[in-house]
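# Working through the structure, step by step
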Amino acid sequence: MLLHFLLARETDLQSVTETDLRECRLWRQGEAEEVAGDAAWDRDWAAIEVDAAATVIAALIAENTALREQIAQRSAVVIPLDRTHAARE
């Protein structure tokens, strides 16, 4: 029901705002053909929270993978920061 409401407003779960959620709740509690109670709203809210958490986890996994690849590609040669000092020796 939430997704249908958002699609009617030409938005989706990734770009939904708090205002959209409030308006959806008001619509579901009063104007919808099938009035939803708190339990149904809680289920929708939980789905939004799970989707947000999954998005964060996917981003962290991608970042972790990139960092591990970067570490694996580093050379074992230490390059001094002060190249002029290294050149004198």
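Right, let's walk through the structure included here. Just so it is clear, the structure is predicted and the values come from calculations on it, not from any experiment. (Residues numbered from 1 in each chain as written. Predicted model: local features only at pLDDT ≥ 70, side-chain atom pairs only at ≥ 80, totals over all residues. Heavy atoms only, no water.)

## Structural notes on the nonpolar core
By size, the foremost hydrophobic cluster in this structure holds eight residues: Leu2, Phe5, Leu6, Val16, Leu21, Cys24, Trp41 and Ile48. When residues of this core are traced back to their parent elements, those giving at least two are α1 (2-8), α2 (18-31) and α3 (38-72). Take this core: its biggest share by element is three residues, from α1. In contact with Trp41, other than residues within four places in its own chain, are Leu21, Cys24, Arg25 and Arg28. (Core = buried A, V, L, I, M, F, W, Y, C linked by side-chain atoms within 4.5 Å. Buried < 20%, exposed > 50% of the residue type's maximum accessible area, 1.4 Å probe, protein only. Helix = DSSP H or I, 4+ residues; strand = E, 2+ residues; numbered from the N terminus. Contact = heavy atoms within 4.5 Å.)

## Quick word on the pattern of salt bridges
Two side chains carrying opposite charge are able to pair once their charged atoms lie near each other. Enumeration according to the criterion identifies three salt bridges in this entry. With its nearest N and O atoms 3.4 Å apart, the salt bridge here joins Asp20 to Arg9. In this pair, Asp20 sits in helix α2 while Arg9 sits in the loop between α1 and α2, placing the two residues 11 residues apart along the sequence. Relative accessible area serves as the criterion here: at 11%, Asp20 is assigned to the buried category. Glu23 is paired through a salt bridge with Arg9; the nearest N and O atoms lie 2.4 Å apart. Here the residue Glu23 occupies a position in helix α2, and Arg9 occupies one in the loop between α1 and α2, the gap between them amounting to 14 residues. For Glu23, a relative accessible area of 32% translates into the label partly exposed. (Salt bridge = Lys/Arg side-chain N within 4 Å of Asp/Glu carboxyl O.)

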